[in-house]
Every structure is written in structure tokens, then in C-alpha cells.
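Residues per chain are reported as follows:
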Amino acid sequence: MRLDRFLTETKVGSRSEVKKFIKKGQVTVNGQVEKNIGAQIDENNAQVEFQGEKLHYEKFVYYLLHKPQGVVSATKDAQKTVLDLLLEKDQRGDIFPVGRLDKDTEGLLLLTNDGKLAHDLLSPKKHVEKEYFAKINGLVTEETIAFFAGGMTLKEDENISPSQLKIVAVDQKVQTSEILLIIHEGKFHQVKRMFHKVGMEVTYLKRVRMGTLTLGQLAQGQYRVLSEKEMEPLKNN
Ligand code: URA
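Not measured: the values here are computed from a predicted model.

A. The sheet that holds strand β2 (residues 32–33), seen in detail. The strand order across the open sheet built from 4 strands is β2-β1-β3-β4, with neighbouring strands paired in antiparallel fashion. Because the sheet does not close on itself, it has two edges, and the strands there are β2 and β4 (53–54).

Quick look at the structure:
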């Protein structure tokens, strides 16, 4: 790994800042001052110090983001992406969102550079629960709950396993509902298409939980680092 990248990934500073630090001789590699910003180092074994302090390389990072509406779940796009919400100190070129939320969906999104974990969490075999709060145009009834509980087919071969639908509130006058829905897959526009199947429209959608992770009090656009302890149940799923 290049020395300048190592320093940005260990949060010493932004790309431009770390270049200055290196050129000023404030960085040592295995006890020797290294002024070459592109010097190749072994990130797992090199002893790198900045202003005399040893740096510890973090292989994987995990952030829990409260994605706001209007931001796309991509790494590169002409529009604002979820990665643009990371502070400069946390930007590191290899982070990506685990799955996608639609542009108009808000809520819990995991950002990481751990490809294996992302793959595992998205695998239909792992059945990681995703829970959504939604506002619906239409009256959700016990019948809707029973239909969702029986599983459904969206397209010819798109089988949706039984899902758990709960009514939070209904407004008979204007024929709208608020619900919580737990699904086990992460298919394209899944929640919207499930309600479409029963002739209803999702007008607001928010993911509130993924497996053991919940949004909690995290404000829109904010994110926090997940601890090893919080990651454990996801890794051992
Ligand atoms: N289902 C949807 O329809 N959209 C999302 O963003 C997530 C789940």
C-alpha cells in the first residue's frame, strides 16, 4: 500500500495534509524518515509513526448511516451519493454501501470496506431481517397481513418469503395506513412492489432495522462507527 494512502486510512489527515506531513519528514517507516509519498509499505507489518506516535492500521471499517431521502446508494454518481456524507477524515476510497435503498427511501444503511461481510449480509441464504416503517396509500387490513404472511410471487420467478406486517395506524377517512414490515430478502424496490401487488402505494419508506442493528436516535445524514461487539452477531449470522 502507498504510504500516503496508509496515512489517510489511519486518519492522520486528508490526502493533501498527509502529503505535506510526509514531505516535512514527520513520518517514519520502520524507524527511518520516509519523504516519498508513494513509498510502498506493508500495511500489516510496517512500523509507521507520525510525529513519534505509532499508527495502527484498521483493515475493516463499519459505519451505520441514517441515509436521508434524495441521496443515492452508490459509490460514484453524478448525483450526491451516500459516500459524500462521510467526513473527509473517514473517506478512504474502498468503502461502499451494503445493498441499496432507493433515492426516496431513508433509513439504516451499512457502509463498509468488508466485501465478505457485505456478501454474507446480502445473501438470501442468510435471511437477515430488514424492518421498514412505511406510509401507505390504502387501508391495510388483517387480510393484507395474512396475504403477506403467506409469501408471494412478484414476477414469474421472484418468490418472496413470508413477511411480517404490523399495522401502526390507519386513517379510515383518507384511506391511508402506517405499517411496520419485516422482510427477509433485499430485492429491487421490494417493499414498494409488495404493496403494489395488493393495489396499494408506498408514499414514504424508512428502513429502521437490519438484523440486530437499529437506527436508534441517529439523525438523518448522520453516521456512527459500529463497535466490534455490535458487528459480532452480523458476522456470525
Ligand atoms: N424496498 C423498496 O421498495 N425500496 C427500498 O429502498 C428498500 C426496500
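B. Broad picture of helix α5 (residues 190–197). Listed in full, the buried residues belonging to α5 are Gln 190, Val 191, Met 194 and Phe 195. One side of α5 holds all its buried residues, which, seen down the axis, span an arc of 130 degrees. Two residues or fewer after α5 comes Gly 199, characterised by a positive phi angle close to 75 degrees.

C. Representation of the packing of aromatic side chains within the structure. Scanning the model with the defined rule gives 6 aromatic pairs in all. Between Phe 21 and Phe 50, the aromatic rings sit 4.8 Å apart at their centres with planes inclined by 45 degrees, giving tilted as the arrangement. Pair noted here: Phe 21 is in helix α2 (residues 15–23) and Phe 50 is in strand β3 (residues 48–50), with a separation of 29 residues, a long-range link. The class for Phe 50 is buried, based on a relative accessible area of 13%. Summarising the aromatic geometry, the rings of Phe 148 and Phe 195 are spaced 5.0 Å apart at their centres and angled 50 degrees between planes, so their arrangement reads as tilted. Of the two residues, Phe 148 is situated in helix α4 (residues 142–149) and Phe 195 in helix α5; the sequence distance between them amounts to 47 residues. On the basis of relative accessibility, which here comes to 0%, the residue Phe 195 falls in the buried class. Clustering of aromatic rings is evident, with ring pairs tying together Phe 147, Phe 148 and Phe 195. The ring centre of Tyr 204 lies 5.2 Å from the NZ or CZ of Lys 135, which sits over that ring.

D. Spatial organisation of the environment of Val 61. Within the secondary structure layout, Val 61 lies in the loop between β4 and β5 (62–67). In the structure, Val 61 is positioned 52 residues away from Asn 113 in sequence and 6.2 Å away in space, judged by C-alpha atoms. Residues within four places of Val 61 in sequence aside, it is in contact with Arg 92, Ile 95, Leu 111, Thr 112 and Asn 113.

E. Highlighting the environment of Val 128. Mapped onto the elements of the fold, Val 128 is located in the loop between α3 (115–122) and β8 (130–137). A sequence separation of 48 residues divides Val 128 from Thr 176, and the C-alpha atoms of the two residues are 29 Å apart.

F. Expanded view of the pairing of strand β7 (residues 105–112). The buried count for β7 comes to 8 of 8 residues, which makes it a mostly enclosed element. Pairing of β5 with β7, which is carried by 6 bridges, proceeds in the antiparallel orientation. Across the sheet, the residue bridging to Lys 67 is Gly 107, located in β7. Looking at chain direction, strand β6 (residues 96–97) and β7 are connected through 2 bridges and run antiparallel. If you follow Pro 97 over to β7, its bridge partner there is Leu 111.

Calculation notes
Residues numbered from 1 in each chain as written. Predicted model: local features only at pLDDT ≥ 70, side-chain atom pairs only at ≥ 80, totals over all residues. Heavy atoms only, no water. Pairing = 2+ DSSP bridges. Helix = DSSP H or I, 4+ residues; strand = E, 2+ residues; numbered from the N terminus. Buried < 20%, exposed > 50% of the residue type's maximum accessible area, 1.4 Å probe, protein only. Arc of directions from axis to C-beta. Phe/Tyr/Trp six-rings, centres within 6.5 Å; stacked < 30°, edge-to-face > 60°. Lys NZ or Arg CZ within 6 Å of the ring centre and 35° of its normal. Contact = heavy atoms within 4.5 Å.

In short, shape yes, function no, at least from these values alone.
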